[in-house]
Each structure stands twice: as C-alpha cells, then as structure tokens.
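Now for the letters of each chain:
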Amino acid sequence: MPQQQLTNADYRKNSFEPRIAIVQLIFGVIYAFVTAIGIYIAVKVYTVTGQQPFIQYFFVLLFAVLAGKSFFIFANTRIAQNTGVHTTATVENIVPTHGITIVEGLLRLEDNTTLPIESRFAGESVAHELKRFLDDNNTKKLPALLVNKDSKHPRGQFLIRTRAGHLDQHYINSLKTSK
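What you see is a predicted model, and the numbers here were worked out from it, not measured in a lab. Each chain carries its own residue numbering, running from 1 in the direction its sequence is written. In keeping with the predicted nature of the model, local features appear solely for residues at pLDDT of at least 70, side-chain atom pairs appear and are counted solely at 80 or more, and the whole-chain, interface and lining totals rest on all residues. Side-chain numbers here rest on the full set of heavy atoms in the structure, without hydrogens or water.

(A) The overall build of the protein chain, seen in detail. Helix and strand counts for the protein chain come out as five helices and seven strands. Under the DSSP-based scheme used, a helix requires at least four consecutive residues in state H or I and a strand at least two consecutive residues in state E, with every element numbered from the N terminus. If you list the helices and strands of the protein chain from N to C, you get α-α-α-β-β-β-α-β-β-β-β-α. Overall, the C-alpha framework of the protein chain stretches about 75 × 40 × 30 Å when taken along its three principal axes. Counting contacts in the protein chain only where the partners sit at least 6 residues apart, residues at least 24 apart contribute 63% of the total. The accessible surface values rely on the Shrake-Rupley method and a 1.4 Å probe; as for residues, cover is taken only from the protein chains in view. With an accessible surface of roughly 11600 Å², the protein chain has 59% of that area assigned to carbon and sulfur atoms. Counted charges follow a simple rule, with Lys and Arg positive, Asp and Glu negative, and His plus the chain ends left uncounted. By convention, the point assigned to a charge is CZ for Arg, NZ for Lys, CD for Glu and CG for Asp. Of the side chains in the protein chain, 19 bear a positive and 13 a negative charge, and the two mean positions are spaced by 6 Å. Only heavy atoms matter for contacts: two residues are in contact if any of them lie within 4.5 Å across the pair.

(B) Summary view of helix H2 (residues 19–49). Helices are assigned an expected span. That span is 1.5 Å times one less than the residue count. The end-to-end C-alpha distance of H2 is 45 Å, a good match for the 45 Å that 31 residues give at a rise of 1.5 Å each. Those residues of H2 that fall on the buried side of the exposure criterion are Ala21, Gln24, Gly28, Tyr31, Thr35, Gly38 and Ala42. In this structure, the buried side of H2 is in contact with helix H3 (54–82). Once H2 ends, the next one or two residues include Gly50, with phi positive near 80°. Remark: exposure states derive from per-residue accessible area (1.4 Å probe, protein chains only) relative to the maximum for the residue type, with buried under 20%, exposed over 50%, and partly exposed in between.

(C) Region of interest: the side chain of Glu118. Looking at the element boundaries, Glu118 is found in strand S3 (residues 114–122). Judged by its relative accessible area of 2%, Glu118 is buried. At 2.9 Å, the side chain of Glu118 forms a polar contact with the side chain of Arg120. As used in this structure description, the phrase polar contact means that two N or O atoms lie within 3.5 Å; if the pair is within protein, one of them must be able to donate a hydrogen and the other to accept it, and residues adjacent in sequence are counted only when both atoms belong to side chains.

(D) Spatial organisation of a nonpolar patch on the surface. Residues Ile22, Val23, Ile26, Phe27, Ile30 and Val34 make up a contiguous nonpolar surface patch of roughly 470 Å² in combined accessible area. For Val34, the position within the fold is in helix H2. Here the term patch refers to residues with relative accessible area over 30% and no salt bridge, with like charges joined within 9 Å and nonpolar side chains (Val, Leu, Ile, Met, Phe, Trp, Tyr) within 5 Å. By definition here, a salt bridge exists when the distance from a side-chain nitrogen of Lys or Arg to a carboxyl oxygen of Asp or Glu is within 4 Å.

(E) Up close: unusual backbone geometry. Its identity is not glycine, yet Asn138 carries a phi of approximately 50°, on the positive side. Tracing the chain through its elements places Asn138 in the loop between helix H4 (125–136) and strand S4 (141–147). A positive phi angle, close to 55°, is found at Ala164, a residue other than glycine. Position of Ala164 among the secondary structure elements: in the loop between strand S6 (162–163) and strand S7 (166–167). Judged by its relative accessible area of 76%, Ala164 falls in the exposed class.

(F) A look at the pairing of S3. In terms of strand pairing, strand S2 (residues 100–108) meets S3 through nine bridges, oriented antiparallel. Note on S3: the bridge partner recorded for Gly105 is Ile117. At least two DSSP bridges between two strands are required for those strands to pair. Two successive antiparallel strands, S2 and S3, enclose a turn made up of five residues, where Asn112 displays a positive phi of approximately 65°.

(G) Structural view of the side chain of Ser119. Structurally, the position occupied by Ser119 is in strand S3. There is a polar contact of 2.9 Å between the side chain of Ser119 and the backbone nitrogen of Phe158. Beyond its immediate sequence surroundings of up to four residues, Ser119 is in contact with Thr101, Ile102, Val103, Gln157 and Phe158.

(H) View of the nonpolar core. Membership of the largest hydrophobic core comes to 23 residues, with the highest contact counts inside it found for Val103, Leu107, Leu142, Phe158 and Ile160. Those elements giving two or more residues to this core turn out to be strand S1 (85–97), S2, S3, H4, S4 and helix H5 (169–177). Only buried residues count toward a nonpolar core, which is a set of Ala, Val, Leu, Ile, Met, Phe, Trp, Tyr and Cys residues joined through side-chain atoms within 4.5 Å.

And the structure:
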C-alpha cells in the first residue's frame, strides 16, 4: 500500500500553539479596559443628559463579549497545556527559512495512528544546531506534548527550548542525560 504524502497543511492543522494564549490574554485585557471606559462614558452621558446611551451600551456589550471570548481561549489553552501528555515524536523534517526554524514530525498515538505536527522557532541557527544534535546522538526522536488526546482533534507540539535564536544549552544537556 503506497504511503500517503503529507503536505504543510497536514502538519500545521494538528499543531498546538500555546503562544496564541498569551496574545488572547493581552487582547482580553485591552477589551476589558475598553469595556470599563465604555461603562464610565455611558454613566457620564446618562447623568449629564438624562437619556439612555443605547449605542454606548451596545459597544460595551460587544467589547465585554470579546473580552470574555479572549479570556475563554486563554483559559482553554492553558488547561490543555497543563493536562497534556509528555511523549516523544519522530522528526521528519527541519527547515530553516526566513529567520525561523520549522520542525515537522510525527507523533504516535495510542491507537497506532500518527499525528503530523509542526513547531516553529525563532532563528535559523536552531535548525542547524538541532540537526547536529540529532546526528551526534543518532536519533530522530524529540520530546513532544500531546494535548486533547481524548478528543476528536488531538494536537501536538515539540518541546524544544531556545534562547536568543539558539538551542538552550541546559535543554540540550537535559536531553543527553535523560536518554
């Protein structure tokens, strides 16, 4: 039976990106701040004019919903990250491109299916250092995190630590000692 060729979209759609949670938290705080300002302005308009500022109420409600959605995404991502299963994944490809390193791989699930995942890291040096590390240790496996494993759409990410566009030396040493 011929092996199915994976595309970049296959790797990307199964990948877990916890950095999105930080962005959502920042937007949530901004939306909450705008909501508080809107409430203050609505109260001021009502006390000065005596008329209900319905448009102001609409925008307060809109930004409150946006803040709630952002905090919900942040909380769900954190819960998924904290309850994820630490495992290993097989590295398929390491691509340095346009100032980032893209690591593509396969994560084996309990039912013997594979989940294609992708992680992106700042700096092209990470790719060269990671390739050298894998070659020196004669392995294709790296630590990974599997989240939402019991759901319809499990996701995964490589657990690689970088510092200033290079592999973190403490991380490399911990990989060598945990073999």
